[in-house]
Amino acid sequence: VRDNVYGNIDDDAYRRDFTVNALYYDPTKNIVLDFVNGMQDLRSRTLRLIGNPKIRFQEDPVRILRGIKFASRLSIEVEADTWEAMHAVAADIQRCAIPRVTEELYRLAESRHAEPAFRMLYESGVLAVMAPEIAAHVDENGAAFFMALRGLDDLGRAHGELPRPFVITVL
């Protein structure tokens, strides 16, 4: 209920997931408004959850996938407490709606950053919950799997959006 109540810009910033996603631009003054030290994290190439990471991930475990998306696409490091909470709450991803999680999985595969994204999914333990068959395959054939994803990323960068059936076949 509190998330549906309009507040001021400060309140909105604190409702965001990650500090780097809570920056606002004021075009009239040509300045960035930063209420959560997002600019500092952006400069240090750090992904940090706003608030207590474990609690925030428990509130909505799909935030873990959003964090992996940001970190892999921006090539930034996940802050230690945020990464630790991703591990701790990984099993909670199964509480989420299957279509929502499946769509996020596809988006990560189609992102042209699939290799780093799936490495993070695997290392965080989320892949074992979301797609245990793929995680088991990575256990046995990780080098080949990540090489296939690297090829998928290269194809996507060279040719643009790839057909989803092709991406699913690679997975």
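Above this text you will find the structure in question.
Now for a description of the structure that goes with this document. Counting restarts for each chain: residues are numbered from 1 in the order of the written sequence. A pLDDT threshold of at least 70 governs which residues receive local features in this predicted model, and a stricter bar of 80 or more applies before side-chain atom pairs are shown or counted, although totals over entire chains, interfaces and linings include all residues. Values shown for side chains rest on all heavy atoms present in the structure; no hydrogens or waters enter the calculation.

1. Some details on the environment of L152
Thinking step 1. To qualify as a helix, a DSSP run of H or I must reach at least 4 residues; to qualify as a strand, a run of E must reach at least 2; elements of each kind are numbered from the N terminus. Position of L152 among the secondary structure elements: in helix α9 (residues 132–159).
Thinking step 2. A 1.4 Å probe rolled over the protein chains alone gives each residue an accessible area, and that area as a share of the maximum for its type sets the label: buried under 20%, exposed over 50%, partly exposed in between. Looking at L152, the relative accessible area reads 4%, which means it is buried.
Thinking step 3. For the pair formed by L152 and F18, sequence separation is 134 residues and the distance between their alpha carbons is 28 Å.
Thinking step 4. Any two residues having at least one pair of non-hydrogen atoms within 4.5 Å are treated as being in contact. Excluding residues that lie within four positions of it along the chain, L152 makes contacts with A109, A114, L162, F166, V167 and V170.

2. Observations concerning the layout of surface pockets
Thinking step 1. Note on definitions: the grid is 1 Å and covers protein atoms alone; a cavity is a set of points where a 1.4 Å probe fits but cannot get out; a pocket is an open set with protein on both sides within 12 Å along at least five of seven lines; lining residues have an atom within 4 Å of a point. Grid points are joined across faces, edges and corners, and a volume is the space filled by probe spheres set on the points. Counted as a void, the largest pocket has a volume near 160 Å³.
Thinking step 2. In terms of lining, the largest pocket is formed by I93, Q94, C96, A97, I98, V101, T102, L105, V129, M130 and A131.
Thinking step 3. Among the secondary structure elements, those contributing two or more residues to the lining of the largest pocket are α6 (98–110) and α8 (126–130).
Thinking step 4. Take the lining of the largest pocket: its biggest share by element is four residues, from α6.
Thinking step 5. Among the residues forming the lining of the largest pocket, the class breakdown is nine nonpolar, two polar and no charged. Under the convention adopted here, Pro, Cys and the residues Ala, Val, Leu, Ile, Met, Phe, Trp and Tyr are nonpolar, Asp, Glu, Lys and Arg are charged, and Gly plus all remaining residues are polar.

Everything listed is a geometric property; what it means functionally is a separate question.
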